[in-house]
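Below are the chains, spelled out letter by letter.
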Amino acid sequence: MASRNTASVSSRKTGSKSIDEFAPGAIVEFDRDQELKAYREMLLIRRFEEKAGQLYGMGFIGGFCHLYIGQEAVVVGMQLALKEGDQVITGYRDHGHMLACGMSARGVMAELTGRRGGLSKGKGGSMHMFSKEKNFYGGHGIVGAQVSLGTGLAFANAYRQNDNVSLAYFGDGAANQGQVYESFNMAALWKLPVIYIIENNRYAMGTSVARASAGVDFSQRGTAIGIPGLQVDGMDVRAVKAAADAAVAHCRDGKGPIILEMQTYRYRGHSMSDPAKYRSKDEVQKMRSEHDPIEQVKARLLEKGWASEDELKAIDKDVRDIVADSADFAQADPEPDVSELYTDILL
Amino acid sequence: MPVEILMPALSPTMEEGTLSKWLKNEGDKVTSGDVIAEIETDKATMEVEAVDEGVIGKLLVAAGTENVKVNTPIALLLQDGESADAAAAPKADADTPAAAADSTGGKAREAAAETPVAAKVPAAPKVDVAADPDIPAGTEMVPTTVREALRDAMAEEMRRDPDVFVMGEEVAEYQGAYKITQGLLQEFGDRRVVDTPITEHGFAGVGVGAAMAGLKPIVEFMTFNFAMQAIDQIINSAAKTLYMSGGQMGAPIVFRGPNGAAARVGAQHSQDYAAWYSQIPGLKVIQPYTAADAKGLLKAAIRDPNPIIFLENEILYGQTFDVPKLDDFVLPIGKARIHRPGKDVTIVSWGIGMTYVVKALAELEKDGIDAEVIDLRTIRPMDLPAVIESVKKTGRLVTVEEGFPQSSVGDFIANRVQQEAFDYLDAPVITIAGKDVPMPYAANLEKLALPNVGEVVQAVKAVCYK
Ligand SMILES: Cc1ncc(C[n+]2csc(CCOP(=O)(O)OP(=O)(O)O)c2C)c(N)n1
Ligand SMILES: [Mg+2]
């Protein structure tokens, strides 16, 4: 992985002839506004997830809770390339995606605490949250299921002949599920506008990529059926944006699906109950201190004189306030009315 | 105000833990993400991370303290300019964690008390295992958790038969997602304890193929919810091959893992499959409640030449029961256990359903109702003769399960009882099941979606016309 401030998008030849068209340079240089926007959005996810971890520990959040800390640049960078009507779908590590899609911190946090103001009225929980308004299709607890569903969203776009794209996010572990390849084949066969984003954070629960996958270059998983792929430094939001731009253009041009392997890292355990004994503290520490996606942006902002320490502190405070407000709301909001038990089962 | 650092809940079912080690001292500066302590639960050793920055003011619970309840303040974190003395929180006596727990105030504790975790984990049930006629009289009993019993069963069978192996997600190096395969990799090596990718349909099929070739796989599903990915191989390949091959080859395989609701894990992770698999000819379906049954029946399942669905439950894993100390404790598949003899009413349940029944018994006794409780243990083949014999005696029947109500296991039992013992029935059979809804996440709704002790008591009274 590239070290801080020297990110790159490395692309390679795949089965597709047109890969060079969307194999741009290393990164997209951000202007001041873009850097500030990326900083703020990544920080919001980071602080939100820290708070969620805290509320879990206090018993306000139950069940499973999978934090996105460390992976923020992926979803924030991808989102910068989208337009109105594009769809997003992911697995259970989904709070970051929801915030990046513009779903309210209050709505997400109240869903985590299972309250009526949650985005699924408290009935879905951490792993199962949706927003029709924001074109966010969940929030899925079954590893790999979202890949077929995301392909179906793309099918609908192709069917309607609009130029929207769908983004299907999944993990390195999910990348081995059978339905992923069934979907790849249909998407390639029918040239569906779907971007498969493999968030390779190196582990699926306690299993490292090398222990679960015979081939570890996930960008090449579609090679035999002509799906091009890019390997991207998922810790650098500019590299993510560059790959996103290329992928979105490819899909909107009607060239079919594309795979983006985002090389990233989760700092926390798989879920709150994972002691993470399968990796060394040094490994985690090294990622945190040398590749942190937020620190990279912060350093650039300061270096270029685009923001002062005080200005960044003000953003921090703003973000903390939003998160604190969401946590207060999520604790004070009442549980769903008991009549909700029997609603929303059938129309 | 100093921030109280509370004993965190680190899994859906954790209620307390041991504060094994402090990694920071009073006066140390910490920032968000720093590991400050290690705690141990029955499943794992976990690290507690600081979620805020500040200076550790006071350590309120000493290292080595056991049974520290979730949400007990364990330390104070001082913010800019605060001193430890200003902190008003009482210093809890490290030797009396109960007292420390009592000092927990505020919302957090109320909320924790409201969660179904607290409500659902029953106090250690007393089961008269020795009364099982399949256990020789006078056998020494060893208190054992369901978790240990399952592990012991697999280890014993693997020692006995080199064709037995375990595979599944996280079963080897991680020691099992729920720590059921703890120690197996160390004893048997990675040829026989095999970590798989997250590819249920694929590895279930690989298991069935290996079984057709004569090996005896134990396939662990991290939970049975994920076996829905694999259900085609289980039913179309494992269950039907013996028949389709005219008896030439079958599949001696055990599919096992936690089944049903845990706590707050939502609609996609909470399903009970007892009724689903119970429909399939060519399968045997076992769902034990006690540790003794878990051990004796898992050993039987591994030896059985047929495909077996072995349904466990996450909430039962940590519960302790007596297990007979025998060199080779194997129980018969398909035989119910009279959990409590009685004469007024028959209650039939199995697996986690038994926890509601056991709790209801105390109340029923108060009301002078002498219930006979039958733990089915095996759903298929079902010990209907035991149920019918009991109903002929009591004339009344209530069944209890967590699964969905339509076409439930209880529905099947009720139907057979009305066919075979109609003249003996003094009241319509009541079948208690989970509600007819996907499992909601919200704590209050989840509680409502599951059966409860009150429903059992009410149903028993209703069939007794009390
Ligand atoms: C079909 C299925 N099998 C198993 C699980 C349990 N499980 C949940 S997440 C996970 C690991 C997935 O890892 P990865 O795809 O790399 O995503 P990450 O958690 O790293 O984001 C497993 C095994 C599940 N939810 N669904
Ligand atoms: Mg992963």
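Residues numbered from 1 in each chain as written. Chains lettered and ligands numbered in written order. Predicted model: local features only at pLDDT ≥ 70, side-chain atom pairs only at ≥ 80, totals over all residues. Heavy atoms only, no water.

An unreviewed UniProt entry lists chain B under the name Pyruvate dehydrogenase E1 component subunit beta, with Xaviernesmea rhizosphaerae as the source organism. Check the Catalytic activity (unreviewed entry) section of the UniProt entry for chain B; it says "N(6)-[(R)-lipoyl]-L-lysyl-[protein] + pyruvate + H(+) = N(6)-[(R)-S(8)-acetyldihydrolipoyl]-L-lysyl-[protein] + CO2". (UniProt positions renumbered as here; feature names shortened; annotations may be inferred.)

Per an unreviewed UniProt entry, chain A is named Pyruvate dehydrogenase E1 component subunit alpha, and its organism is Xaviernesmea rhizosphaerae. Recorded in UniProt for chain A, the comment headed Catalytic activity (unreviewed entry) runs: "N(6)-[(R)-lipoyl]-L-lysyl-[protein] + pyruvate + H(+) = N(6)-[(R)-S(8)-acetyldihydrolipoyl]-L-lysyl-[protein] + CO2". Listed under Cofactor (unreviewed entry) in UniProt, the entry text for chain A is "thiamine diphosphate".

Draft legend 1. The arrangement of the overall build of chain A in detail. What chain A contains, in helices and strands, is eleven helices and eight strands. Each of the three principal axes of chain A carries a C-alpha extent, and together these read 55 × 55 × 40 Å. Taken across its 347 residues, chain A has 62% of its residues classed as buried. Taking the contacts inside chain A whose residues are at least 6 apart along the sequence as the reference set, 76% of them involve residues at least 24 apart. Accessible surface, chain A as shown: approximately 12800 Å² in total, 52% of it carbon and sulfur. On chain A, the mean spot of the 41 positive side-chain charges and the mean spot of the 45 negative ones are 2 Å from each other. (Helix = DSSP H or I, 4+ residues; strand = E, 2+ residues; numbered from the N terminus. Buried < 20%, exposed > 50% of the residue type's maximum accessible area, 1.4 Å probe, protein only. Contact = heavy atoms within 4.5 Å. Areas by Shrake-Rupley, 256 points an atom, 1.4 Å probe, with all protein chains shown as cover. Lys, Arg positive; Asp, Glu negative; His and termini not counted. Charge placed at Lys NZ, Arg CZ, Asp CG, Glu CD.)

Draft legend 2. How the structure looks around the pattern of salt bridges. All names here are of chain A. In the structure shown here, the tally under the stated rule is 51 salt bridges over all chains. Glu41 serves as the salt-bridge partner of Lys37, at 3.2 Å between the closest nitrogen and oxygen. You can see Lys37 and its partner Glu41 sitting in helix 1 (residues 32-57), four residues apart, about one turn around the helix. On the accessibility criterion, Glu41 (25% relative accessible area) is partly exposed. (Salt bridge = Lys/Arg side-chain N within 4 Å of Asp/Glu carboxyl O.)

Draft legend 3. Representation of the nonpolar core. Counting residues in each nonpolar core, the largest one holds 105 residues, and the members touching the most others are Phe170 and Tyr196 of chain A together with Val460 of chain B. Both domain 2 (141-324) and domain 3 (337-464) of chain B contribute no fewer than three residues apiece to this core. Tyr196 of chain A has contacts with Val147, Thr151, Ala168, Phe170, Ser183, Phe184, Ala187, Pro257, Ile258, Ile259 and Leu260 of chain A, leaving out every residue within four places of it along the chain. Counting residues in hydrophobic clusters, the runner-up holds 97 residues, among them Tyr39 and Phe60 of chain A together with Ile36 and Leu77 of chain B. (Core = buried A, V, L, I, M, F, W, Y, C linked by side-chain atoms within 4.5 Å. Domains from an automatic or database assignment.)

Draft legend 4. Highlighting the site of ligand 1. In the vicinity of ligand 1 lie 22 residues, with Tyr92, Arg93, Gly141 and Ala174 of chain A together with Glu200 of chain B positioned nearest. Near ligand 1, the surrounding residues are drawn from chains A and B. Between a nitrogen atom of ligand 1 and a main-chain N or O atom of Gly141 of chain A, the distance comes to 2.8 Å. Tyr203 of chain A places a polar main-chain atom, nitrogen or oxygen, 2.9 Å from an oxygen atom of ligand 1. About the coverage of ligand 1: the protein hides 96% of its 590 Å² of free accessible area. Of the residues in the shell around ligand 1, the class split is ten nonpolar, eight polar and four charged. (Near = heavy atom within 4 Å. Polar contact = N/O pair within 3.5 Å; in protein donor to acceptor, adjacent residues only side chain to side chain. Nonpolar A, V, L, I, M, F, W, Y, C, P; charged D, E, K, R; others polar.)

Draft legend 5. A look at the coordination of the magnesium ion (ligand 2). Residue and element names in this part refer to chain A. The magnesium ion (ligand 2) binds to the protein through Asp172 (OD), Asn201 (OD1) and Tyr203 (O); the donor distances cover 2.1 to 2.2 Å. Ordering the donors of the magnesium ion (ligand 2) by residue number gives the pattern D-x28-N-x1-Y. Of this pair, Asp172 sits in the loop between strand 3 (166-171) and helix 6 (178-189) while Asn201 sits in the loop between strand 4 (194-200) and strand 5 (203-204), and the two are 29 residues apart along the sequence. Asn201 shares its class with Asp172; the two are buried. (Donors = N, O, S within 2.8 Å, 3.2 Å for Na, K, Ca; no water.)

Draft legend 6. Inspection of the packing of aromatic side chains at higher detail. Summed over all chains, the structure comprises 15 aromatic pairs over all chains. Summarising the aromatic geometry, the rings of Tyr181 of chain A and Phe184 of chain A are spaced 5.2 Å apart at their centres and angled 75° between planes, so their arrangement reads as edge-to-face. You can see Tyr181 of chain A and its partner Phe184 of chain A sitting in helix 6, three residues apart, about one turn around the helix. Taking the relative accessible area as the measure of exposure, Tyr181 of chain A reaches 27% and is therefore partly exposed. Seen from their ring centres, Tyr289 of chain B and Phe321 of chain B are 5.2 Å apart, and the 80° between their planes marks the pair as edge-to-face. You can see Tyr289 of chain B sitting in the loop between strand 14 (284-286) and helix 10 (291-303) and its partner Phe321 of chain B sitting in strand 16 (residues 320-324), a full 32 residues away along the chain. Phe321 of chain B shares its class with Tyr289 of chain B; the two are buried. The side chain of Arg279 of chain A reaches across the aromatic face of Tyr203 of chain A, ending 5.8 Å from its centre. (Phe/Tyr/Trp six-rings, centres within 6.5 Å; stacked < 30°, edge-to-face > 60°. Lys NZ or Arg CZ within 6 Å of the ring centre and 35° of its normal.)

Draft legend 7. Structural context of the sheet that holds strand 2 (residues 16-22) of chain B. Residues and elements named next belong to chain B. Across the sheet, which stays open at both edges, the four strands sit in the order 5-4-2-7 with antiparallel pairing between neighbours. Of all the strands in the sheet, just strand 5 (45-49) and strand 7 (65-69) have a single pairing partner and so form its edges. Direction aside, neighbouring strands of the sheet carry axes that sit 40° apart on average. (Pairing = 2+ DSSP bridges. Axes fitted to C-alpha atoms, helices over the stretch in contact; angles between N-to-C directions.)

Draft legend 8. Spotlight on the pairing of strand 6 (residues 54-59) of chain B. All names here are of chain B. When strand 3 (residues 29-30) meets strand 6, the two strands line up antiparallel, connected through two bridges. Looking at strand 6, one finds that Lys29 is bridged to Val55. Taken together, the four bridges between strand 6 and strand 8 (residues 73-78) define a ladder with antiparallel strand orientation. Residue Val55 lies in a different strand from strand 8, and its bridge partner there is Leu78.

Draft legend 9. Structural context of the confidence of the model for chain A. Across chain A, the average pLDDT comes to 93, with 93% of residues at or above 70. Here residues 1-19 of chain A scores under 50 on pLDDT; set against residues more than four positions off or in separate chains, the count is 65 contacts. (pLDDT = per-residue confidence, 0-100.)

Draft legend 10. Focus on the interface of chain A and chain B. Across the boundary between the two partners, chain A contributes 55 residues, which contact 54 residues of chain B. For the pair chain A and chain B, the summed buried surface comes to about 4400 Å²; carbon and sulfur atoms form 57% of the total. Among the residues of chain A in contact with chain B, Ile142, Arg211 and Leu341 of chain A are the three that bury the most area, contributing 13% of the side total. Where chain A touches chain B, the interface holds two salt bridges. The residue Arg211 of chain A makes a salt bridge to Asp195 of chain B at a minimum N-O spacing of 3.0 Å. The interface formed by chain A and chain B holds 18 residue pairs in polar contact (both at pLDDT 80 or more) in total. When residues of the side of chain A that touches chain B are traced back to their parent elements, those giving at least two are helix 1, helix 4 (105-112), helix 7 (209-212), helix 9 (281-291) and helix 11 (309-332) of chain A. Residue contributions to the side of chain A that touches chain B peak at four residues, all from helix 1 of chain A. Tallied by class, the residues present in the side of chain A that touches chain B amount to 21 nonpolar, 21 polar and 13 charged. (Buried area = accessible area lost by both parts, 1.4 Å probe.)

Draft legend 11. View of the packing of helix 2 (residues 72-79) of chain A against helix 8 (residues 237-252) of chain A. All names here are of chain A. For the pair helix 2 and helix 8, interaxial distance at closest approach is 8 Å and the crossing angle is 40°. In terms of axis orientation, helix 2 runs oblique to helix 8. Taken as a pair, helix 2 and helix 8 cross one another with a handedness that is right-handed. Each of Ala73, Val74, Val76, Gly77 and Met78 in helix 2 lies in contact with helix 8, whose residues at this interface are Val237, Val240, Lys241 and Ala244. Residue composition of the contact of helix 2 with helix 8, by class: seven nonpolar, one polar and one charged. (Parallel < 35°, antiparallel > 145°, perpendicular 65-115°, else oblique. Left-handed = near helix turned anticlockwise from the far one by under 90°.)

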